[in-house]
Amino acid sequence: MKARTLKRIPLNIAALLVFAVSIFPVYWMVLTAFKPAKDIQSATPKFWPSSISFHNFDTATSEPHFWDYWRNSLIVAGVGVLLALVVACFAAFAVARMQWKGRAPFILMVFIAQMAPWEALMIPMYLIARDNDLLDSLPMLTAIYFVMTLPFSIVTLRGFLGGIPVELEEAARVDGCSRFTAFRKIVFPLLAPGLLSTSLFGFITAWNEFAFANALLLNKPEQRTLPTWLNSFSNGITIDWGAIMAASTLFMLPVLAIFLVLQGKVTGGLTSGAVKG
């Protein structure tokens, strides 16, 4: 037992180092958010503020259209991911459970779409939005987030479905259930952890997206999202680091809260999705 403990010491030290390196930027962001301006500009930065100040948070929340930014981000991220989940759920079921002509090319196309850099499509998306009078439009941004998260959702849910024994569905079919009823009553409840995991990672992707939101929502400030709100604290000449760090801390809280609430189910979903591809 002692020898095993000694062998684990280097692994534990390495894990602690990785954790420290990963968490330090987040710690410094939150620390700066609570620092007074004189401490932020100090030539000798401290790892703990000499005093706690909420001035940076007041500056961040006093920005015009503050609550509009929150509402817009929740709408475009939530609706886009929800639509992607609905479509991906049926698409992944068709790929994982059915044999049909063109199945292999379809899977290949989904993988290619997932690997493609979305920034390369910014100009075509902008031209489509401009020609259809959809600039400064939340539905257009929602549709883009739907398209962005759909390939990832299909690939991930296909893995989760592969971990659910097909015999359960076949037994339900023998008992008289249709394919859709068997999916709804047998497969869907078992797929719930996978849906939660997929929705969380898709929501994080859409919640943090900046490039498309900045390019498509230019002329109407009330239509912008939170990532573009963070950009408003820099005017190209000066940067209000305290306000940016306070805004970034507020920006992080919703996703952190969702993850903490769903942590157990998300971890279980990731584990079950890794059983079988």
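Every chain is numbered independently, its residues counted from 1 as its sequence is written. Per-residue local features of the predicted model are confined to residues with pLDDT of at least 70, and side-chain atom pairs are confined, for both listing and counting, to 80 or more; whole-chain, interface and lining totals are unaffected and use all residues. The side-chain values count all of the structure's non-hydrogen atoms but skip hydrogen atoms and water molecules.

> Account for the pattern of salt bridges, with residues named and values stated.
Salt bridges are defined by distance alone: a side-chain nitrogen of Lys or Arg within 4 Å of a carboxyl oxygen of Asp or Glu. Taken as a whole and assessed by the stated rule, the structure comprises 4 salt bridges. The salt bridge involving aspartate 68 is made with arginine 71; its shortest N-O contact spans 3.6 Å. Taken together, the residues span about one helical turn, with aspartate 68 and arginine 71 both in helix H4 (residues 66-97) at a distance of 3 residues. In this scheme, a residue with accessible area under 20% of its type's maximum is buried, one over 50% is exposed, and one in between is partly exposed, where area comes from a 1.4 Å probe on protein chains only. Residue aspartate 68 is classed as partly exposed on the basis of its relative accessible area, which comes to 23%. For glutamate 169, the salt bridge identified is with arginine 97, shortest N-O distance 3.0 Å. A residue pair is termed long-range when its members are at least 10 positions apart, and glutamate 169 in helix H8 (residues 166-174) and arginine 97 in helix H4 qualify at 72 residues. Bridged by salt links that share partners, the residues Arg97, Glu169 and Arg179 form one connected network. Each helix corresponds to a stretch of at least 4 residues labelled H or I by DSSP, and each strand to a stretch of at least 2 residues labelled E; elements are numbered beginning at the N terminus.

> Which residues make up the packing of aromatic side chains, and what values go with them?
Within 6.5 Å between ring centres, the rings of Phe, Tyr and Trp (the latter by its six-membered ring) count as paired, and their orientation is classed by plane angle as stacked under 30 degrees, edge-to-face over 60, tilted in between. Applying the stated criterion to the full structure yields 15 aromatic pairs. Ring centres 5.6 Å apart and planes at 85° place the aromatic pair phenylalanine 34 and phenylalanine 54 in the edge-to-face group. On the criterion of sequence distance, the pair formed by phenylalanine 34 in the loop between helix H1 (2-33) and helix H2 (37-40) and phenylalanine 54 in the loop between H2 and helix H3 (55-61) is long-range, its members being 20 residues apart. A ring pair is formed by phenylalanine 54 and phenylalanine 57, whose centres lie 6.4 Å apart and whose planes are at 45°; its orientation type is tilted. Residue class for phenylalanine 57 comes out buried when judged on its relative accessible area of 13%. One aromatic cluster is present, built from ring pairs that chain together Phe66, Trp67, Trp70, Phe203, Trp207, Trp229 and Phe251.

> Outline the state of the cysteines, supporting the account with residue identities and numerical values.
We call a pair of cysteine sulfur atoms a disulfide when they lie within 2.5 Å. Following the criterion strictly, the structure yields 0 disulfides and no others. The closest cysteine sulfur to the non-disulfide-bonded cysteine 89 is located on cysteine 177, 17 Å from its own sulfur. On the basis of relative accessibility, which here comes to 6%, the residue cysteine 89 falls in the buried class.

> So what's going on with the packing of H4 against helix H9 (residues 179-208)? Residues and values would help.
Working convention: axes come from line fits to C-alpha atoms, limited for helices to the stretch in contact. Angles between N-to-C directions cover 0 to 180 degrees. Two elements in contact, H4 and H9, have axes separated by 8 Å at closest approach and are oriented at 140°. As summarised for this structure, H4 and H9 are arranged oblique, according to the angle between their axes. By crossing handedness, the relation of H4 to H9 is classed as right-handed. Of H9, the residues touching H4 (which contributes Trp70, Ser73, Leu74, Ala77, Gly78, Val81, Leu85, Cys89, Phe90, Phe93 and Arg97) are Arg179, Phe180, Phe183, Phe188, Leu191, Leu195, Thr198, Ser199, Gly202, Phe203, Ala206 and Trp207. Asp, Glu, Lys and Arg are counted as charged, while Ala, Val, Leu, Ile, Met, Phe, Trp, Tyr, Cys and Pro are counted as nonpolar; the rest, among them Gly, fall into the polar class. For the contact of H4 with H9, the per-class residue count stands at 16 nonpolar, 5 polar and 2 charged. By the definition adopted for this analysis, an angle is roughly parallel if under 35 degrees, roughly antiparallel if over 145, roughly perpendicular if from 65 to 115, and oblique otherwise. Crossings are assigned a handedness: left-handed for a near helix turned anticlockwise from the far helix by less than a right angle, right-handed for a clockwise turn. Whether two residues are in contact is decided by their heavy atoms, any of which lying within 4.5 Å being enough.

> Just give me the short version of empty space enclosed by the protein, but keep the residues and values in it.
Gaps between atoms show up when a probe of the same size as a water molecule is rolled over them. Detection works on a 1 Å grid of protein atoms alone, calling trapped sets that fit a 1.4 Å probe cavities and calling open sets with protein on both sides within 12 Å along at least five of seven lines pockets, with lining residues defined by an atom within 4 Å of a point. Grid points are joined across faces, edges and corners, and a volume is the space filled by probe spheres set on the points. Under the defined criterion, the tally for this structure stands at 1 cavity of 30 Å³ or more. Of the volumes computed, that of the largest cavity is approximately 40 Å³. Lining the largest cavity are Val95, Phe106, Ile107, Val110, Phe111, Ile154, Val155 and Arg158. Of all the secondary-structure elements, those providing two or more residues to the lining of the largest cavity are helix H5 (103-115) and helix H7 (138-162). Across the lining of the largest cavity, the residue classes tally to 7 nonpolar, no polar and 1 charged.

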